[in-house]
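# Structure assessment
Here's the letter readout for the chains.
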Amino acid sequence: MTPAKHKQSRAADGRWLAWFCRCVVRFFSAFFAAGSAVKTRRALAGHCWRSPGATRVLGQRTGLSVAGCLLRIVPAQHRSSQQVCGRPRGRGVTFLTALSRSNCDAMRSEVAVRKAQACAMVLFVAGVLCGASLCAQDGKPVATTRADEDVVKAPRNDPFTDGDEARMRAAGIIRYAPFPWADHITTADIERVLGEGRVRWLETAHFRIGLNLKTALLPVEQLERRQVADELALLQRKLPRVVDKPKKLDPWLLLHLFAQRAESAYAEFQQVVGVTDATFPGGKESPNGKYLGLPDKFLLLLFQKRSDLARYTERFTTQKSDTSLRYYHPVTQQFLFAVAMDSLEEGDAQGLHSNVLYSLFHNFLGAFYGYNSALPPWLAEGLAHYYSRRVRTNFINCVTKASESVNNSDKHEWAKKIRLRAQHDGATIPFEQMLAWVPAEDLGYQGHIQSWSRVDYLLSMGPEKLGLLVTKLKTAPVPQDGSGIEPSLAKQLQIKALADLWHLDPAQFDASWRKWTQKEYAKQ
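Residues numbered from 1 in each chain as written. Predicted model: local features only at pLDDT ≥ 70, side-chain atom pairs only at ≥ 80, totals over all residues. Heavy atoms only, no water.

### Details of the overall build of the protein chain
Helix and strand counts for the protein chain come out as 18 helices and 12 strands. Taking contacts inside the protein chain between residues at least 6 apart in sequence as the whole, the part at least 24 apart equals 73%. (Helix = DSSP H or I, 4+ residues; strand = E, 2+ residues; numbered from the N terminus. Contact = heavy atoms within 4.5 Å.)

Rendered as C-alpha cells:
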C-alpha cells in the first residue's frame, strides 16, 4: 500500500495548487486593469491580502500605512464556513489593501501607480508564502471537496433529537462529541487533524462512532431496498422524526443507521456466545472488562476518502492504511474498525454495511474474554461471514488467491458454488486441513466460502453449541509470553470440542456437512 504520508501530501498539494491558481487569476485580472489611480486603488483594495507576515512586509519595505481600507477578496455572498488552509474563510486569511488616504493623491501620477503596483506584487508574494505556510501546518486540512460537502453542510446538532435527553435515551444515544475516543485522545484531537466539522460523532451503550460519508441513495434492487426500508422502519420507532420512505440517506441518518446496526450486531454476538452485559464484572483490565471482557467501548470510524483514513492511522495508530483497518488500541484496550468507502472495490452502501458487520464480528471475537488468543481462522472467518452475508449485496469480504480462478459475475453466490463442489469427492477442503490453518491468508476464496458454510451448518444444529466452542477456545489457558495457544494444542481442543458438542470426528464432520449442503442449498 502507498504510505499514508505520501497520500496526504499529494492530496494537500493538489488542493493548495487549485487555491493558488484562483488567486493568481484574480490578482492579475485586477493588476492589468489598473490603468488609472482610481482603478489601481480599487484593484488593490479588492485583490491584495493580509497575513501575519504581510503586515510586516508593508511596514518594513513599502513604508505605506496599514490603516487603510480592509476588504476581503471573497465576495460577501460567498463567505461561508468552508475551510481554507484549515481555517474558516470567515476568520482565516483576511484580504486587504494597505493604502492610506494620504497616498490617494499621489497615486494619480504615473509614478504612484507604478509604486502601487510594486506594493501589490510584494503583498502578492508575501500572501502566497504565508498561505503556503498555513497549508503546511500539521493537522490542518487544506480544503473541503465534494466528498465532504454533505457532512460539512449537515447540521452540527442532530436534527433527529435536537439534543433532547428523552429523544436521545429512546434512540440509545449516550452523548455527542466531544468525548474520549481511545488511548487518551478525544474526538476534538481527531478533528484538529482532520478538520473541524468534517465528522459527525455519537456514542451508544457499547460503541463510539464517527462518520464522514456522502449522502447515499437507496438501493435500486428491490430486495436490497426492502431490507433498508425495514431498518428505517425500526429506526423510526426510536426516532419519530425519521420520515417515511426517505429518498436518500443523509449523513445524520446514516450515522443513526450504523449505530443501530452496530448495537444489533453486538446483541446477536452476545446471544450466540450466551452472555449478557452482566456476565462481565466491569473491571479496568482485560479479560474482566465490561465490554465482552475489554474495559472500554468498541470504536467505529467511517470515512468517505482514503486520504482521511490514512491521516488518522498515521497519527493515532502504529499502522498505516488508506483502505480499512482493524486495530487494537493498547493503552485503553479497545478495538477499532476504520474504513474508507472509496477503497471498497465494487462496493456500494450495502457493501459497506456488509463490510462493517464482517469486521465488527472479528473485533467481538478478538475481544471476547480478553485479547490474548486468536480463534482458528476457519471459525473466526466463518462466523464473520455468516452475519455479514445476511446483508443483501454482491460485495464479498474476501480476497481471491492468484492461483484461484473465480467467475466475477457470480462470485457472491456462495451457496450455489458450495453445493456444486460438495457433490464431488475430493472437491472440498478436508476439515483436518482447515484445522492446520494459522494465518487467515491461507484461506483464499475457497477457504472463505467453505468456512462460512461449515459455520452455517453448525449453527443449524443449535447456536448455543457453537457459542460453547468459541468460549472453550477463548478461555483455554495461554502462555504468559503472549505467544498464544500452540497450534497442535489448538487442534486437539477443536477435535475434542467437535466430539463433545456434536459427536463428530473430522471425517464424519466432512461427510455430514456435504450431505447437508445438497439439501439446504438446493433451495438457493
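### Regarding the pattern of salt bridges
Evaluation of the coordinates by the stated rule reveals 18 salt bridges. Across the salt bridge formed by Asp189 and Arg192, the nearest N and O atoms sit 2.3 Å from each other. Linking Asp189 with Arg192, this pair stays in helix 7 (residues 187–194), spanning three residues, or about one helical turn. We note a salt bridge from Glu413 to Lys416, for which the minimum N-O separation is 2.8 Å. You can call Lys416 partly exposed: its relative accessible area is 27%. Here the salt bridges do not stand alone but share partners, grouping Arg175, Glu203, Arg208, Asp296 and Lys297 into one network. (Salt bridge = Lys/Arg side-chain N within 4 Å of Asp/Glu carboxyl O. Buried < 20%, exposed > 50% of the residue type's maximum accessible area, 1.4 Å probe, protein only.)

### Some remarks on the side chain of His256
Mapped onto the fold, His256 is located in helix 9 (residues 251–273). In this structure the side chain of His256 is engaged in a polar contact, spanning 2.7 Å, whose partner is the side chain of Asp158. (Polar contact = N/O pair within 3.5 Å; in protein donor to acceptor, adjacent residues only side chain to side chain.)

### Considering the environment of Arg389
The topology assignment puts Arg389 in the loop between helix 12 (377–388) and helix 13 (414–422). Within the structure, Arg389 has its side chain in polar contact with the backbone oxygen of His412 (distance 2.9 Å).

### Some thoughts on helix 10 (residues 306–316)
Of all 11 residues making up helix 10, eight are buried, and the element is well covered by its neighbours. Turning to helix 10, its buried residues number three or more, namely Ser307, Asp308, Leu309, Ala310, Arg311, Tyr312, Thr313 and Phe316.

### Side note on the pairing of strand 11 (residues 324–329)
Judged from the six bridges that link them, strand 11 and strand 12 (residues 334–340) form a sheet pairing that is antiparallel. If you follow Ser324 over to strand 12, its bridge partner there is Val339. Between the antiparallel neighbours strand 11 and strand 12 lie four residues, among them Gln333 with a positive phi of about 55 degrees. (Pairing = 2+ DSSP bridges.)

### A look at the nonpolar core
As a rule of thumb, nonpolar side chains are buried together in soluble globular proteins. Grouped together as the largest cluster of nonpolar side chains are 96 residues, with contacts concentrated most on Phe364, Trp378 and Leu379. Broken down by element, this core gets its largest block of residues, 13 residues, from helix 9. Ranked by size, the runner-up nonpolar core spans 20 residues in total, among them Ala182, Ile185, Leu299 and Tyr312. (Core = buried A, V, L, I, M, F, W, Y, C linked by side-chain atoms within 4.5 Å.)

### Notes on the packing of helix 16 (residues 463–474) against helix 17 (residues 487–502)
Their axes nearest at 10 Å, the elements helix 16 and helix 17 cross at an angle of 150 degrees. One finds that helix 16 runs roughly antiparallel with respect to helix 17. Crossing of helix 16 over helix 17 shows right-handed handedness. Of helix 17, the residues touching helix 16 (which contributes Lys465, Leu466, Leu468, Leu469, Lys472 and Leu473) are Leu493, Gln494, Ala497, Leu501 and Trp502. (Axes fitted to C-alpha atoms, helices over the stretch in contact; angles between N-to-C directions. Parallel < 35°, antiparallel > 145°, perpendicular 65-115°, else oblique. Left-handed = near helix turned anticlockwise from the far one by under 90°.)

### Side note on the confidence of the model for the protein chain
With 71% of its residues at a pLDDT of at least 70, the protein chain reaches an overall mean of 79. Counting interchain partners and residues more than four positions distant, the pLDDT-below-50 stretch residues 30–113 has 129 contacts. Every residue in residues 125–143 is under pLDDT 50, and counting partners more than four places away or in other chains gives 53 contacts. (pLDDT = per-residue confidence, 0-100.)

### A few points about the sheet that holds strand 10 (residues 298–303)
Strand order in the open sheet made by the six strands is 3-6-7-10-12-11, with mixed pairing throughout. In the strand order of this sheet, the two ends are held by strand 3 (175–176) and strand 11, each with one partner. Where helix 10 meets the sheet, it contacts strand 7 (207–212), strand 10, strand 11 and strand 12, and its direction lies at approximately 150 degrees from that of strand 12.

### Description of the packing of aromatic side chains
One pass over the full model with this rule turns up 30 aromatic pairs. Ring geometry for Phe207 and Phe298: centres 6.1 Å apart, planes at 40 degrees, overall tilted. Note that Phe207 is positioned in strand 7 and Phe298 in strand 10, a separation of 91 residues in sequence. Accessibility classification places Phe207 together with Phe298 in one group, the buried group. Cation over ring: Arg389 sits above Trp414, and NZ or CZ is 4.1 Å from the ring centre. Between the NZ or CZ atom of Arg454 and the centre of the ring of Phe509, over which it lies, the distance is 5.0 Å. (Phe/Tyr/Trp six-rings, centres within 6.5 Å; stacked < 30°, edge-to-face > 60°. Lys NZ or Arg CZ within 6 Å of the ring centre and 35° of its normal.)

### Focus: helix 18 (residues 506–520)
Compared with the 21 Å implied by 1.5 Å per residue over 15 residues, the 21 Å span of helix 18 between its first and last C-alpha is a close match. In this structure, the buried side of helix 18 is in contact with helix 13, helix 14 (431–435), helix 15 (444–460) and helix 17. Put simply, Asp505 is the residue that caps the front of helix 18, since its side-chain oxygen is 3.2 Å from the backbone nitrogen of Ala507. (Expected span 1.5 Å × (residues − 1).)

### A closer look at the side chain of Asn363
Looking at where Asn363 falls in the secondary structure, it is placed in helix 11 (residues 349–367). What makes Asn363 buried here is its relative accessible area of 2%. Contacts of Asn363, omitting those with residues within four sequence positions, involve Phe298, Arg326, Phe335, Leu336 and Phe337.

### Some words on the environment of Thr215
With respect to the element layout, Thr215 can be found in the loop between strand 7 and strand 8 (216–217). Here Thr215 falls in the partly exposed class, since its relative accessible area comes to 27%. Sequence-wise, Thr215 and Asp250 are 35 residues apart; in three dimensions their C-alpha atoms are separated by 4.4 Å. Not counting the four nearest positions on each side in its chain, Thr215 is found in contact with Asp150, Lys248, Leu249, Asp250 and Pro251.

### Observations regarding the packing of helix 8 (residues 222–238) against helix 9
Helices that pack against each other are described as a pair by the angle of their axes relative to one another and the distance between those axes. In the contact formed by helix 8 and helix 9, the axes pass within 11 Å of each other and the chain directions differ by 95 degrees. Looking at the two axes, helix 8 sits roughly perpendicular to helix 9. Residues Glu231, Leu232, Leu234, Leu235 and Lys238 of helix 8 touch helix 9, and the partners they reach there are Leu253, His256, Leu257, Gln260 and Arg261. Per-class residue counts for the contact of helix 8 with helix 9 are five nonpolar, two polar and three charged. (Nonpolar A, V, L, I, M, F, W, Y, C, P; charged D, E, K, R; others polar.)

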